[in-house]
Amino acid sequence: MSTANGKIRSSAAEALAEGRVTLVLGWRKKDFWWQSPVAFVESAAEAEQLTFDPFSVYNPVKYLLEAAGCHEKVGVFVKGCDSRGINRLLQDKRLEREQVLIFGLPCSGMVDPVKIRAAFPAPKICEVARDGEELLVRLSDGQERVQTADFLLEKCLTCRHPNPVVYDRLLWERVPVRSGVDALRFARVSSVAQQQIQERYAYWTRQFSRCIRCFACRNTCPACNCRSCIFDQAEPRWLGKASDMSDTLNYQITRAFHVAGRCFECGECERICPAGIPLQELNRRLIMDIDKYFGPYEAGLAPGDLPPLGTYRGEDPAGFDES
Amino acid sequence: MPVTREGFEPLIVAFCCNWCSYAGADLAGTSRQTYPSNVRVIRVPCSGRVNPGFIIRAFQRGADGVLVAGCHPGDCHYHSGNYHARRRFTILKQMLDYLGIEPERFQVRWISGSEGAKFSAVMNELTENVRKLGPNRKLRDAR
Amino acid sequence: MRRTGVFICWCGSNIAATVDIDLAVAAAKKMPGVVFADQNKYTCSEIGQEMIREAIRTHRLERVVVAACSPRMHENTFRKTVAAAGLNPYFLEIANIREQCSWVHKDKETATDKAIALIRTAVAKAARNEALFASELPIERRALVIGGGIAGIQAALDIAENGFVVDLVEKEPSIGGRMAQLDKTFPTLDCSACILTPKMVEVAQSEKITIFSYAEVEKVEGYVGNFTVTVRSRARSVDMGKCTGCGDCMLKCPVKVDSEFDLGLIKRRAIYTPFPQAVPNKPAIDRENCRWFTAGKCRVCEKVCPAGAIDYSQEDELRTEKYGAIVVATGFDPKKLDNYGEYAYGKHPDVLTSLEFERLLNASGPTGGKILRPSNGRPPKNVAFIQCVGSRDKAKGNPYCAKVCCMYTAKHAILLCEKVPGARPFVFYIDVRTPGKDYEEFYNRAYEEFGATYIKGNVSKVFPDGEKLLVRSVDALSGALVELEVDMVVLANSVDARAGAKELAQKLSITTNAYNFFNEAHPKLRPVETHTAGIFLAGTCQGPKDIPETVAQASAAAVKVAALLGKDSLLSNPTVAEVNEKLCTGDMSCLAVCPYGAISEKMLEERRGRETVRRKVAEVNMALCQGCGACTVACRPGAINLKGFTNEQIMAEVEAICL
């Protein structure tokens, strides 16, 4: 990991020092072992704080919307999933390719703090670091080694593109795609889909009943990049203010519909949700339907093409009784 | 007053494209092809004009069934509006189903301007199917 | 709230018998914004319209709701009414309480409830209606006629006569169409060619008309007054400028294929004109059968052509032109008889379709006008004519009546008797239908004067029986079984829409009925218009018709075209998309779904603090936008709206209709 950190720090410092960019987006360590949020680095000296560790899960791409408006060129470190967010913004014409210097970071997966905590309930965890295929967990009373694969985030276990799909420089060797990804990708969706309709309704209303309508899922989503969101409009009022199930469903259905064919599975919505609503599951359901009805499509791979809901084929099948 | 299943009269909101389905509805009228008065039509230029937000709002405000009706594929007055509608509503309908909202409540049909009898038949069928399902309580707001 | 007036129409008893008008008026008076509500027996009458104008003045109405028949019927009428009283015409809304309420519901109580809901919905929408203004669009003073049969010919001639330039596109190498295949016409028995060919020549000689034969419409874009049409002229392999039409090539060509014009009764060559009077009278090479194109040797036509007109290297030519109006006149196809094996068509050479029989009658046909049995070349004595083959047959044919068969069969019976002395026609019919001037009299002549035997009955089977054919039927009037030995059977096969009609309709953005005949805008009042402004119909492409009807409709279409092209400009449809630049993200999702190319990117300069920043937004070309609204849904932030059907209006309707 130290080599990784060394590489991102020197790459950022160099680009800033040479004046090729005036801002670099990466990650830095914050107060807790499980936090490596997005860092904004504007000088070579500041680049020393950059970190890429098992918790650099945050997608820095959404910040480009603001940053690219204030800086002529911005450097950004991207994992595979983040890089698809760059393509998302390019396809949505919210970013020009020349505005960003992209450092690609092949990524073998991010660690789920919940799983770590579950494995080490009693002692205080001080640090979790990657060491080859293993994680080195430093505890208040010693240290332990565990297999990384057992502690990865669900989104990383189902990741089809661990290597950046768009970049100017790749900082290290590509990593292989995890085996069994395709089988796992829709596992959660399928298990819910197989339930009876009333069970599905009960499941989802139980999930959504926790929604506090904080809009964090929207705010963090790189696909939700409108200048002004319909949920914030007064006339017509697309979304009621009352936090009841009817409007929560309205919100969640509309949000999912707006990212249909555009969601590239970074999972930020689900990660950020303070209520732990499995939003990625709903997004994946839509991806499944798009694959089924309109042909396989993965968002964020080719910025030049039209998203599935922006095009059609005359011979498309219908997901309803067309008679 | 709670609505009992026996006394339940469903409210069906139908978004009809001006060129085919609204004309089909008119033809049903001209040829006196009766259907239940539970059905109320909102005229839109094209099925491609129907925003999923309209459909959700109808359910929120008490519609028990919603229909989007447009020209048959290939016959869209605007070339492609119904093709876009077909993609959008394929996704929306599957999503409603996945969230546990009876998919029968939301229907998309192609009804041409010459299909007055079909319009009437679809309305009869939809009203009866929704009547069997009972009132929409899942998406309806508290008001 | 806007000061709204509601006018509820009885439409005589059409609405008033099913909707309690007093109750509806009382309910309307309580609706938000309504300051005036009243009723009228016929709101569309002058008295009814004056009531609206008067109420607008005295009650200072800002919005008007008329609860009456479908907006497809009288929306324009009432828009003019409110405009006459000084309101913007788009301040009007219609509540359709006739076609979509009183005519389809029986129970007065629930129908009244629904009528009130529909009125409430219209009031809610009207409150959000905004003033809309049409802009003026230029008109391309050129017409396109698709199809060079009698309908297209007549339309082209009449449009040209009105002083406009016409392009006539015909799929075959010659104009003339079905009428050219006919021998004589009912009920006058004039020779079809004698009345058609002068018109064909007139078309060819007209300075205003250009014929594009062997050509088809490839693509249609644009809108009334400004269509852009791409026509594909198929490679003819003959230089039209050099060819003199001498016909030497056709004599020497070694390849013989079934003549389409003569329905395969004789052969034509691979280089051919469909018939001797063809216009243009210059041949085309049928590349699918030409030996040079299929086998790479021959070139006989090139060797014999004295004008050096043969050009094997020709390619299809695509030509794009602007037109103000389009007449569709693509005609019909005789029904294929695959489903009717019981009549032995295709199994016995003496079972013919009526159009094949027509060719036997014709002096330039395969037999030189002699009626001869294809099996042995001898004239027939007894001929059975079977009516309604594939017509009025829900089970395996068309449910509709093909309209012309009764009359042409009477003609065939008469001509048979005239040409073959002693011959006896037997006509098997379901009903004989002869509406038309002098038609019934003509039919009467067939059996009174010429002794045709009419037998009411469905033929169940035709058996080949040695040299003869056995026709089995029931005489529905006596109930007796009929078994008739004949020498020839003529099947009056139904009229189908032209193959490819559906595809053409899609190109033109017009609609077809279940049988692929093009739909007129209104079955009674707008029989030659389509729902797409600027596109008109003529002839059998709209439904079965005889020649006089076809010609009349063609002339009618020509008048509509002339009226359109004679205008200085057109008023555009103001219900077009509009971009709210504040909300627009510039991701151009709208552009992706716009079928008209009406949306483009525009750079906006705006102040941001002390800086001026540039950002991309979408822009709508109002002349190109047709108002479908697909963009409004593609736009996630709701930044693009459709005037007349705004998000605000439709949401208000949804809220009101669910109350």
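Residues numbered from 1 in each chain as written. Chains lettered and ligands numbered in written order. Predicted model: local features only at pLDDT ≥ 70, side-chain atom pairs only at ≥ 80, totals over all residues. Heavy atoms only, no water.

## Quick look at the overall build of chain A
Move 1: What chain A contains, in helices and strands, is twelve helices and eight strands.
Move 2: Computed over the C-alpha atoms, the radius of gyration of chain A is 20 Å, within 12% of the 20 Å expected from 2.2 N^0.38 for a compact globule of 323 residues.
Move 3: Considering only contacts in chain A between residues 6 or more positions apart, those separated by 24 or more positions represent 68%. (Helix = DSSP H or I, 4+ residues; strand = E, 2+ residues; numbered from the N terminus. Rg over C-alpha atoms; globule rule 2.2 N^0.38 Å. Contact = heavy atoms within 4.5 Å.)

## A closer look at the overall build of chain C
Move 1: For chain C, the count of helices and strands is 19 helices and 34 strands.
Move 2: For chain C, the C-alpha atoms occupy an extent of roughly 90 × 70 × 40 Å along the three principal directions.
Move 3: Put simply, chain C has 659 residues, and 58% of those count as buried.
Move 4: Residue pairs in contact within chain C that sit at least 24 positions apart in sequence constitute 68% of those at least 6 positions apart.
Move 5: Split by element, the accessible area of chain C, about 27200 Å² in all, is 50% carbon and sulfur. (Buried < 20%, exposed > 50% of the residue type's maximum accessible area, 1.4 Å probe, protein only. Areas by Shrake-Rupley, 256 points an atom, 1.4 Å probe, with all protein chains shown as cover.)

## Points about the environment of S391(C)
Residue and element names in this part refer to chain C.
Move 1: Inspection of the secondary structure puts S391 in the loop between β21 (382–389) and α13 (405–419).
Move 2: Take S391: its relative accessible area is 2%, and that puts it in the buried class.
Move 3: The spatial distance from the C-alpha of S391 to the C-alpha of A505 is 23 Å, given a sequence separation of 114 residues.
Move 4: Among residues more than four places away in sequence, those in contact with S391 are N398, Y400, A402 and S494.

## Overview of the sheet that holds strand β6 (residues 134–139) of chain A
Residues and elements named next belong to chain A.
Move 1: Read from one edge to the other, the open sheet built from three strands follows the order β5-β6-β7, with strand pairing classed as antiparallel. Of all the strands in the sheet, just β5 (125–131) and β7 (142–147) have a single pairing partner and so form its edges. On average, each strand axis in the sheet is inclined to that of its neighbour by 20 degrees, with strand direction left out of account. (Pairing = 2+ DSSP bridges. Axes fitted to C-alpha atoms, helices over the stretch in contact; angles between N-to-C directions.)

## Description of the pattern of salt bridges
Move 1: Using the criterion set out here, one finds 79 salt bridges over all chains in the structure.
Move 2: Measuring nitrogen to oxygen at the nearest pair gives 3.5 Å for the salt bridge that ties R20(A) to E18(A).
Move 3: Judged by its relative accessible area of 41%, R20(A) is partly exposed.
Move 4: Put simply, R319(C) and D167(C) hold a salt bridge, and the shortest N to O gap is 3.5 Å. Taken as a pair, R319(C) in strand β17 (residues 317–323) and D167(C) in strand β7 (residues 165–169) lie far apart in primary sequence, 152 residues in all.
Move 5: For R319(C), a relative accessible area of 24% translates into the label partly exposed. (Salt bridge = Lys/Arg side-chain N within 4 Å of Asp/Glu carboxyl O.)

## Focus on the nonpolar core
Move 1: F15(B) and I119(C) are the most contacted members of the largest nonpolar core, which has 124 residues in total.
Move 2: When residues in this core are grouped by element, the largest group, eight residues, is from helix α6 (residues 108–127) of chain C.
Move 3: When residues no more than four places from it in sequence are discounted, the contact partners of I119(C) are V6(C), I8(C), A24(C), A28(C), M31(C), A67(C), A95(C) and I97(C).
Move 4: V169(C), L189(C), I371(C) and A410(C) belong to the second-largest nonpolar core, a separate cluster that totals 61 residues. (Core = buried A, V, L, I, M, F, W, Y, C linked by side-chain atoms within 4.5 Å.)

## Comments concerning the side chain of S237(C)
Move 1: The topology assignment puts S237(C) in the loop between β12 (226–233) and α9 (248–252).
Move 2: Classification of S237(C) by relative accessible area gives buried; the value is 0%.

## Here's the deal with the sheet that holds strand β1 (residues 12–17) of chain B
All names here are of chain B.
Move 1: If you walk across this open sheet you meet the four strands as β2-β1-β3-β4, and the pairing is parallel. Two strands in the sheet have a free side with no partner beyond their single neighbour: β2 (39–44) and β4 (106–110). Averaged over all pairs of adjacent strands, the angle between strand axes in this sheet comes to 20 degrees, irrespective of strand direction.
Move 2: As paired elements, β1 and β2 share six bridges and run parallel to each other. Residue pairing in the sheet places C17 in a bridge with V44 of β2.
Move 3: Here helix α1 (residues 21–30) sits on the sheet and contacts β1, β2 and β3 (65–70); the angle it forms with β1, its principal contact strand, is near 115 degrees.

## Here's the deal with the interface of chain C and chain B
Move 1: Opposite the 49 residues of chain C that make contact, chain B presents 49 residues.
Move 2: Both sides of the chain C and chain B interface together cover about 4200 Å² of buried area, and 56% of this is carbon and sulfur.
Move 3: The largest share of the area that chain C buries against chain B comes from R72(C), Q100(C) and V633(C), three residues that together contribute 15% of it.
Move 4: On inspection of chain C and its partner chain B, the count reaches five salt bridges.
Move 5: The residue D75(B) makes a salt bridge to K502(C) at a minimum N-O spacing of 3.1 Å. (Buried area = accessible area lost by both parts, 1.4 Å probe.)

## So, helix α3 (residues 81–98) of chain B
Move 1: The first and last C-alpha atoms of α3(B) sit 26 Å apart over 18 residues, in line with the 26 Å expected at 1.5 Å per residue.
Move 2: In terms of burial, α3(B) is a largely internal element, 17 of the 18 residues being buried. (Expected span 1.5 Å × (residues − 1).)

## Some points on the packing of helix α12 (residues 354–361) of chain C against α13(C)
Residues and elements named next belong to chain C.
Move 1: Two elements in contact, α12 and α13, have axes separated by 11 Å at closest approach and are oriented at 35 degrees. For the crossing formed where α12 meets α13, the hand is left-handed. Counting all contacts with α12, which are made through S354, F357, E358 and L361, the residues of α13 involved are Y408, K411, H412, L415, L416 and K419.
Move 2: Across the contact of α12 with α13, the residue classes tally to five nonpolar, two polar and three charged. (Left-handed = near helix turned anticlockwise from the far one by under 90°. Nonpolar A, V, L, I, M, F, W, Y, C, P; charged D, E, K, R; others polar.)

## What to know about the confidence of the model for chain C
Move 1: Averaged over all residues, the pLDDT of chain C equals 95, while 100% of them reach at least 70.
Move 2: The ipTM for the predicted assembly is 0.96, set against a pTM of 0.76. (pLDDT = per-residue confidence, 0-100.)

## Some points on the packing of helix α7 (residues 150–161) of chain C against helix α16 (residues 547–565) of chain C
All names here are of chain C.
Move 1: It is at 8 Å that the axes of α7 and α16 come closest, and there the two elements cross at 35 degrees. Judged by the sense of rotation from one axis to the other, the crossing of α7 with α16 is right-handed. Across the interface between the two elements, I150, A151, Q154, A155, D158 and I159 of α7 pack against T550, V551, A554, S555, A558 and V561 of α16.
Move 2: Across the contact of α7 with α16, the residue classes tally to eight nonpolar, three polar and one charged.

## Description of the environment of E601(C)
Move 1: With respect to the secondary-structure elements, E601(C) resides in strand β32 (residues 599–608).
Move 2: E601(C) sits 388 residues away from S213(C) along the chain, and the two C-alpha atoms are 41 Å apart.

## Side note on empty space enclosed by the protein
Move 1: Here the structure, examined in full by the defined rule, presents twelve cavities of 30 Å³ or more.
Move 2: In this structure, the largest cavity occupies an estimated 120 Å³ of space.
Move 3: Surrounding the largest cavity, 16 residues form its lining, I230(A), T254(A), H258(A), N51(B) and G53(B) being those nearest its centre.
Move 4: The element contributing the most residues to the lining of the largest cavity is helix α10 (residues 245–258) of chain A, with four residues.
Move 5: Taken together, the residues of the lining of the largest cavity break down into nine nonpolar, six polar and one charged.
Move 6: Empty space within the second largest cavity amounts to approximately 100 Å³.
Move 7: Lining the second largest cavity we find 15 residues, and of these C584(C), D587(C), M588(C), C590(C) and C635(C) sit closest to its centre.
Move 8: In terms of residue class, the lining of the second largest cavity is made up of ten nonpolar, three polar and two charged. (1 Å grid on protein atoms, 1.4 Å probe; cavity = no way out; pocket = protein on both sides within 12 Å on 5 of 7 lines; lining within 4 Å. Points joined across faces, edges and corners; volume = space filled by probe spheres on them.)

## As for unusual backbone geometry
Leave glycine aside and you will find that most residues have negative phi; peptide bonds, for their part, are mostly trans.
Move 1: Backbone torsion omega between E235(A) and P236(A) reads -5 degrees, so that peptide bond is classified as cis.
Move 2: Positionally, P236(A) belongs in the loop between α9 (216–220) and α10.
Move 3: Note that the residue after V279(C), namely P280(C), is joined by a cis bond; omega there is -5 degrees.
Move 4: Residue position: P280(C) is located in the loop between β15 (271–272) and β16 (284–285).
Move 5: Unlike most non-glycine residues, C298(C) shows phi in positive territory, near 125 degrees.
Move 6: Positive phi is not limited to glycine here, since K403(C) has a value of about 75 degrees.
Move 7: Mapped onto the fold, K403(C) is located in the loop between β21 and α13.
Move 8: By relative accessible area, which is 41% here, K403(C) ends up partly exposed.

## Regarding the interface of chain C and chain A
By a widely used convention, the size of an interface equals the accessible area lost when the partners come together.
Move 1: At the interface, 21 residues of chain C touch 22 residues of chain A.
Move 2: Among the residues chain C hides against chain A, the three largest losses belong to T585(C), R636(C) and M651(C). Together they make up 35% of the total.
Move 3: The tally of links from chain C across to chain A stands at two salt bridges.
Move 4: Close ionic contact of K616(C) with E96(A) constitutes a salt bridge, the shortest N to O distance being 3.4 Å.
Move 5: Remark: the boundary between chain C and chain A carries four residue pairs in polar contact (both at pLDDT 80 or more).
Move 6: Among the secondary structure elements, those contributing two or more residues to the side of chain C that touches chain A are α17 (589–593), β32, β33 (611–620) and α19 (647–657) of chain C.
Move 7: Looking at the side of chain C that touches chain A residue by residue, the classes come out as seven nonpolar, four polar and ten charged. (Polar contact = N/O pair within 3.5 Å; in protein donor to acceptor, adjacent residues only side chain to side chain.)

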